[in-house]
Amino acid sequence: MNSRRHFLQKLTASALTIPFLGENRAATLEKFYEEPYDGPVLRVAIMGLGSYGTRVAEAMTACKSAKLVGVISGTPSKITAWQTKYGIPEKNCYNYENFDNIKSNPDIDAVYVITPNGLHKDQVIRVAKAGKHAICEKPMAINAAEGREMVAACKKANVKLLVGYRMHFEPNTLEIIRQRAAGEFGKVYFFQGLSGFRIGDPTQWRLNRKLAGGGAMMDIGVYSINGSRYMIGEEPIWITAQETKTDPVKFKEGVDETIEFQMGFPSGAVASCLSTYSINYLDKFFLVGDKGFAEMQPSTGYGPIKAKTNKGDLSYPHVTHQTVQMDEMSAIILQNKQPIVPVDGEEGLRDLVIIDAIFEAAKTGKKVTLKG
Ligand code: NDP
């Protein structure tokens, strides 16, 4: 079965059998994937043909308004394999040395940067200078200073910068955000975010400070940071953090293994989060106010996301996150659509400012204040 049909069947089958708590988001999605589409199509080149790049490419085969048309890679054998698999013409294939030439390629609109975190800044700036829109994986960069440079470069080049926050398009997540914004949980008091997995191979780039920018926080803790912001709907004004390290050989200086952190928000709501590379099955969000609660577990994995509130289960159909993300990003870039939760460079930068503050708080043991 081709993947678009597979995606549609999954969506439709579950959509028919499940009573929605709020139908709009799922109904709109279902309509979009069922009806013929003759609008503009975002033509995308993926940079970095690794594990996540492969997942995005597969998901894009089911997209209606975004299409994989090019690759940028340092591995010639992968380029050849992707050309065959996705019908990518030779003229749309680049390596890390020559991809600035994409400037004179009218058949590519955007480059999706899916390389190690420490490379994002320079690569996104080069993409912007080549006059192409940039989609960048999370974390957008390895600190806020880099993030600011990227935002400025894209602004100067008059191209859009988006960050691969796939959860910002996930129906269960959006329904909880809708309910919270509608006051259904009352005054929000507390959010808990647990994000972690047990990391393997000690030689991988994720454990290399230069390429990763840190450890678990950059990779997985960022989900709890970002999640606390969209679940509570506010920006934090203070941060405290505590780091623990059980294996200083595997997790070298500047590579965090486990960090617990707390954030305070202007309304008085508090978040308590855990980011770790040492514990599996850690993917949970909990939000509570004086009228109700929402719980998601898993909350940010590839799905199906499982969510419930004090009123019962939220059973939105599973959608392939990256398919919906890329179709939505096409609309954001080509049709100026405003997403419910932003996915722009400023949004990526907000998380980087918080990560900087968490590292500072963990190092100094002091409460760090933010502008909010
Ligand atoms: P991988 O290691 O699987 O792939 C990274 C790819 O980047 C490599 O295969 C390689 O592709 C390219 N690359 C270029 N330079 C280097 C280098 N010096 N060292 C290693 N690889 C290099 O990583 P992932 O795909 O898992 O992660 C890539 C990015 O995607 C990260 O920023 C990560 O945080 C993010 N990510 C996001 C997820 C999400 O759910 N949003 C999930 C997983 C990752 P090539 O051979 O083609 O040059």
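Note that the structure is a prediction, hence the values are computed from the model and not measured.

Colleague: Let's hear about the sheet that holds strand 4 (residues 110-113): which residues, and what values?
Modeller: Pairing within the open sheet is parallel, and its six strands lie in the order 3-2-1-4-5-6. The sheet is open, and its two edges are formed by strand 3 (93-94) and strand 6 (161-163), each paired on a single side. As defined by bridge partners, strand 4 adjoins strand 5 (residues 133-136) across four bridges and the pair is classed as parallel. Paired with Val113 across the bridge in strand 5 is Cys136.

Colleague: Report on the layout of surface pockets, specifying residues and quantitative values.
Modeller: In this model, the largest pocket occupies a volume close to 840 Å³. Forming the walls of the largest pocket are 34 residues, and the residues nearest its centre are Ser51, Tyr52, Arg206, Asp219 and Tyr302. Those elements that place two or more of their residues in the lining of the largest pocket are helix 3 (51-60), strand 7 (188-196), helix 9 (216-232) and strand 11 (282-289). Among the elements that line the lining of the largest pocket, the one with the most residues is helix 3, at four residues. Residue composition of the lining of the largest pocket, grouped by class: twelve nonpolar, 14 polar and eight charged.

Colleague: Any chance you could break down the pattern of salt bridges for me, citing the residues and the numbers?
Modeller: Evaluated as defined, the whole model comprises 17 salt bridges. Note that Glu184 is salt-bridged to Lys311, the shortest N-O span being 2.9 Å. Linking Glu184 in the loop between helix 7 (171-181) and strand 7 with Lys311 in the loop between strand 13 (307-309) and strand 14 (312-314), this pair joins segments that are 127 residues apart in sequence. For Glu184, a relative accessible area of 26% translates into the label partly exposed. In this structure Lys311 comes out as exposed when scored by relative accessible area, which is 57%. With a shortest N-O distance of 2.8 Å, Asp351 and Arg229 are connected by a salt bridge. Separated by 122 residues along the polypeptide, Asp351 in helix 11 (residues 345-364) and Arg229 in helix 9 bring together distant segments of the chain. In this structure Asp351 comes out as buried when scored by relative accessible area, which is 1%. Connected through shared salt-bridge partners, Arg229, Glu235, Glu347, Arg350 and Asp351 make up one network.

Colleague: Help me get a handle on the site of the ligand, residues and values and all.
Modeller: Close to the ligand lie 26 residues, the nearest being Ser73, Thr75, Lys78, Tyr96 and Asn117. At a separation of 2.8 Å, an oxygen atom of the ligand approaches a polar backbone atom of Ser51. Taken by itself the ligand offers 890 Å² of open surface, and the protein chains cover 81% of this. Those elements that place two or more of their residues in the shell around the ligand are helix 3 and helix 9. Here the residues of the shell around the ligand sort into ten nonpolar, ten polar and six charged. Residues lining the shell around the ligand come from more than one domain, with at least three contributed by each of domain 1 (4-163) and domain 2 (169-318 + 345-369).

Colleague: Before we move on, could you go through the pairing of strand 4 and cite the residues and values that matter?
Modeller: Along strand 4, one buried face is formed by Ala110 and Tyr112 and the opposite face, lined by Val111 and Val113, is buried too. Alignment of strand 1 (residues 42-47) against strand 4, held across four bridges, turns out to be parallel. By the bridge assignment for strand 4, Val44 is matched with Ala110. For the crossover from strand 4 across helix 5 (residues 120-129) to strand 5, the handedness is right-handed.

Colleague: Residues and numbers for the domain arrangement of the protein, please.
Modeller: For the protein, the assigned domains read domain 1 (4-163) and domain 2 (169-318 + 345-369). Measuring from the centre of the C-alpha atoms in domain 1 to the corresponding centre in domain 2 gives 24 Å. Across the boundary between the two partners, domain 1 contributes 30 residues, which contact 28 residues of domain 2. Overall, the association of domain 1 and domain 2 removes approximately 2,400 Å² of surface from exposure, summing both partners, and the carbon and sulfur fraction of that is 68%.

Parameters and conventions
Residues numbered from 1 in each chain as written. Predicted model: local features only at pLDDT ≥ 70, side-chain atom pairs only at ≥ 80, totals over all residues. Heavy atoms only, no water. Pairing = 2+ DSSP bridges. Helix = DSSP H or I, 4+ residues; strand = E, 2+ residues; numbered from the N terminus. 1 Å grid on protein atoms, 1.4 Å probe; cavity = no way out; pocket = protein on both sides within 12 Å on 5 of 7 lines; lining within 4 Å. Points joined across faces, edges and corners; volume = space filled by probe spheres on them. Nonpolar A, V, L, I, M, F, W, Y, C, P; charged D, E, K, R; others polar. Salt bridge = Lys/Arg side-chain N within 4 Å of Asp/Glu carboxyl O. Buried < 20%, exposed > 50% of the residue type's maximum accessible area, 1.4 Å probe, protein only. Near = heavy atom within 4 Å. Polar contact = N/O pair within 3.5 Å; in protein donor to acceptor, adjacent residues only side chain to side chain. Areas by Shrake-Rupley, 256 points an atom, 1.4 Å probe, with all protein chains shown as cover. Domains from an automatic or database assignment. Right-handed = clockwise from strand over helix to strand, strands pointing away. Contact = heavy atoms within 4.5 Å. Buried area = accessible area lost by both parts, 1.4 Å probe.

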